[in-house]
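Per-entry structural report
Each chain, letter by letter, is given below.
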Amino acid sequence: MERVVIVGASLAGVTAGEALRQEGFEGPITLVGDEAEAPYDRPPLSKQLLTGEWDVDRLALRSEDELGKLDLELLRGRTAAALDVAGRVLRMDDGLEIEFDGLIIATGARPLALPFGHDLEGVHTLRSQADALQIRSALERGSRVVVIGAGFIGAEVASSARTRGLEVTMVEALAAPMIGPLGEELAGWALELHAQAGVQMRFDARVSDMIGSDRVEAVKLDDGSIVEADTVVVGIGVRPNVEWLEGSGLTVGDGVICDQYCRAAPMIYAAGDVARWPNELFMHFRYGEPQRTMRIEHWTNAVEQGMAAARNLLLERRGEPLEAFAPAPYFWSDQHGLSIMASGITSPRDEFRLVHGTLESNRFAAIYGLRGYLTGVVAVGWPRMLRRYQGLIREQVSWDEALETAREIEG
Ligand SMILES: Cc1cc2nc3c(=O)[nH]c(=O)nc-3n(C[C@H](O)[C@H](O)[C@H](O)COP(=O)(O)OP(=O)(O)OC[C@H]3O[C@@H](n4cnc5c(N)ncnc54)[C@H](O)[C@@H]3O)c2cc1C
């Protein structure tokens, strides 16, 4: 019976393993992951784990029993070092070679680092359970926290640290938090949200250095000002884990480059934060040319793409037509007691409209358009509206049709 190997034993990888079994694959599955822990969930790392609401025992992606039932060979704490596509062999860094017939790459992403400061104690990035535990114990000691980067991770860390009553400063090179994904109008709202929660903010500010001999003592900004800190969390984005695939014959760049079926090569697929693929849902209005690809760094996509990759691998094995993976991507972020939900493409955008609710009430829905089509929605405190417009994005409606729907709803 053929062997399927999955590299990356986290959300996309575990989901892919489950989907293979659900779709009836009975052959051996090897799931390889370089983390020592049993597969765990990442979203709580910046939220409930940092606030102290949850402990690590709540993070497990699946129970031991559930994993056992999948009948996988789980190789934990083991790193894939190279791939031989032609020879169908995965090489581990300890020399072990694993032959495969089908392969799913789900190696995710890791945080970007600043070119300085990371050798100082008290300077962190946040991706793993171990990172989160270190940050949590720093927060428990009651430190002054500086968060560098006001993207979703930075904003959530700032929120969690404020929940603990700590002094928090957010430093961001742009003019407001989450300005890229939300646009200026909602970034202004987010700025207000953080300000009201007592987060100090330094926008249009770049960190030029970190000060301290062994431990970090302060962060230096490019205008010469100094922000004192005991704990610094750097949240300036991530980079997909593709280096181990260099020389494999697969096309890699900012992700593993796949076709619309999540296929990187015959019987080799990619899923989750590491995968870059052309999403056909957004091809009708020639979103980018010739074929604009996406790489999504969100939970729901890792689940859906893990399932899609597994399913297409089995379809290919049976010689049946593959199914394009064409979702309206969804994510949420929890900050200061509110859940920000978004779907589709919110950047780049030609159009923005607040269609329901008000920013002041922290309950609203806003839509985004590009080239005459509805492409994205952001909703706060209103999941029903999120789903409504997500449905319209799936239907590929025009911007005018979306506005018409908004008028009807407002009635
Ligand atoms: C702190 C935090 C909070 C988040 N909050 C949210 C949220 O609120 N909402 C949301 O939508 N999304 C959130 N996300 C994003 C979401 O968790 C990710 O999109 C998701 O984890 C991606 O899953 P993945 O399986 O593709 O990658 P990962 O979870 O990164 O898993 C990849 C796995 O592969 C392993 N690996 C890498 N290279 C190798 C190798 N060579 N050999 C073996 N193993 C390897 C990695 O160590 C890792 O275990 C958050 C992420 C973080 C870090």
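This is a predicted model, so every value here is computed, not measured. (Residues numbered from 1 in each chain as written. Predicted model: local features only at pLDDT ≥ 70, side-chain atom pairs only at ≥ 80, totals over all residues. Heavy atoms only, no water.)

Some points on the overall build of the chain
We apply this condition: Only runs of H or I of at least four residues qualify as helices and only runs of E of at least two qualify as strands under DSSP, and these elements are numbered from the N terminus. The globule rule used for comparison is 2.2 Å times the number of residues to the exponent 0.38, while the radius of gyration itself is calculated over C-alpha atoms. Remark: exposure states derive from per-residue accessible area (1.4 Å probe, protein chains only) relative to the maximum for the residue type, with buried under 20%, exposed over 50%, and partly exposed in between. Only heavy atoms matter for contacts: two residues are in contact if any of them lie within 4.5 Å across the pair. Computed by Shrake-Rupley with a 1.4 Å probe, the accessible areas treat only the displayed protein chains as cover when residues are assessed. This count recognises Lys and Arg as positive and Asp and Glu as negative, with His and chain-terminal groups excluded. One atom stands in for each charge, and that atom is NZ of Lys, CZ of Arg, CG of Asp or CD of Glu.
For the chain, the count of helices and strands is 9 helices and 27 strands. Here the C-alpha radius of gyration of the chain, 22 Å, is about what a compact globule of 411 residues would show, namely 22 Å. Going through the 411 residues of the chain one by one, you find that 54% of them count as buried. Contacts spanning at least 24 positions in sequence make up 62% of the contacts within the chain whose residues lie at least 6 apart. Summing over all exposed atoms, the chain offers an accessible surface of approximately 17500 Å²; the carbon and sulfur share of this is 45%. Of the side-chain charges in the chain, 40 are positive and 62 negative, and the distance between the mean point of each set is 2 Å.

Looking at the pattern of salt bridges
Put simply, the rule reads: Any carboxyl oxygen of Asp or Glu that lies within 4 Å of a side-chain nitrogen of Lys or Arg is treated as forming a salt bridge with it.
Following the criterion strictly, the structure yields 27 salt bridges and no others. Arginine 127 serves as the salt-bridge partner of aspartate 273, at 2.9 Å between the closest nitrogen and oxygen. Of the two residues, aspartate 273 is situated in the loop between strand E21 (268–270) and strand E22 (275–276) and arginine 127 in the loop between strand E9 (123–124) and helix H4 (129–140); the sequence distance between them amounts to 146 residues. Since its relative accessible area comes to 9%, aspartate 273 is described here as buried. Across the salt bridge formed by arginine 318 and glutamate 320, the nearest N and O atoms sit 3.1 Å from each other. By relative accessible area, glutamate 320 is classed as partly exposed at 36%. A network of salt bridges, in which partner residues are shared, links Asp55, Arg136, Glu140 and Arg164.

A word on the packing of helix H8 (residues 383–394) against helix H9 (residues 399–410)
Defined as follows: All axes are obtained by fitting lines to C-alpha atoms, using only the stretch in contact for helices, and the reported angles, taken between N-to-C directions, cover 0 to 180 degrees. Note on convention: the crossing is left-handed when the near helix lies turned anticlockwise from the far helix by less than a right angle, right-handed when the turn is clockwise. The nonpolar class holds Ala, Val, Leu, Ile, Met, Phe, Trp, Tyr, Cys and Pro. Asp, Glu, Lys and Arg form the charged class, and all remaining residues, Gly among them, are polar.
For the pair H8 and H9, the least separation of the axes is 11 Å and the interaxial angle reads 150°. Note that H8 runs across H9; the crossing there is right-handed. Where H8 abuts H9, its residues Met385, Arg388, Tyr389 and Leu392 lie against Ala402, Thr405, Ala406 and Ile409. Its residues placed into classes, the contact of H8 with H9 shows 6 nonpolar, 1 polar and 1 charged.

Describing the site of the ligand
Condition: Think of it this way: one heavy atom of a residue within 4 Å of a molecule or strand is enough to make that residue near it. Any pair of nitrogen or oxygen atoms within 3.5 Å is treated as a polar contact; in protein, a donor-acceptor pairing is required on top of that, and neighbouring residues in sequence qualify only through side-chain atoms on both sides. Domains are outlined according to an automatic or database domain assignment.
Around the ligand, the surrounding shell holds 34 residues, and the nearest of these are Asp34, Glu35, Arg42, Lys47 and Arg127. Backbone polar atom of alanine 12 to an oxygen atom of the ligand: 2.8 Å apart, as the coordinates give it. Note that an oxygen atom of the ligand is positioned 2.7 Å from one of the side-chain N or O atoms of arginine 127. When the ligand is considered free in solution it has 1000 Å² of accessible area, and contact with the protein chains removes 94% of it. Within the residue set of the shell around the ligand, elements represented by two or more residues are helix H1 (11–22), helix H5 (152–163), helix H7 (299–317) and strand E23 (330–335). Split by residue class, the shell around the ligand holds 15 nonpolar, 10 polar and 9 charged. Each of domain 1 (4–110 + 238–317) and domain 2 (113–234) accounts for three or more of the residues forming the shell around the ligand.

Quick look at the sheet that holds strand E19 (residues 255–257)
Rules: Here the rule is simple: two strands pair whenever DSSP picks up at least two bridges between them.
Strands sit in the order E18-E19-E22 across an open sheet of 3 strands; the sheet is mixed. The sheet is open, and its two borders are formed by strand E18 (252–253) and E22, each paired with just one other strand. Note: E19 against E22, 2 bridges, orientation parallel. Within E22, the residue paired with valine 256 across the bridge is alanine 275.

Here we look at the domain arrangement of the chain
What counts here: A simple way to read buried area is as the amount of 1.4 Å-probe accessible surface that goes missing from two parts once joined, with both sides added.
Domain parsing of the chain yields domain 1 (4–110 + 238–317), domain 2 (113–234) and domain 3 (337–410). For domain 1 and domain 2, the distance between their C-alpha centroids amounts to 30 Å. On the domain 2 side, the residues contacting the 19 residues of domain 1 number 14 residues. Carbon and sulfur atoms supply 56% of the area that domain 1 and domain 2 bury against each other, a total of about 1500 Å² over both sides. When the buried surface of domain 1 facing domain 2 is broken down by residue, Ser46, Leu50 and Thr51 rank first, second and third, together holding 37% of it. Measuring nitrogen to oxygen at the nearest pair gives 3.0 Å for the salt bridge that ties arginine 136 to aspartate 55. The interface formed by domain 1 and domain 2 includes 11 residue pairs in polar contact (both at pLDDT 80 or more). Elements supplying a minimum of two residues to the side of domain 1 that touches domain 2: helix H2 (48–51) and strand E8 (109–111). Here the side of domain 1 that touches domain 2 gets 3 residues from one element, more than from any other, and that element is H2. Along the lines of polarity and charge, the residues of the side of domain 1 that touches domain 2 split into 9 nonpolar, 3 polar and 7 charged.

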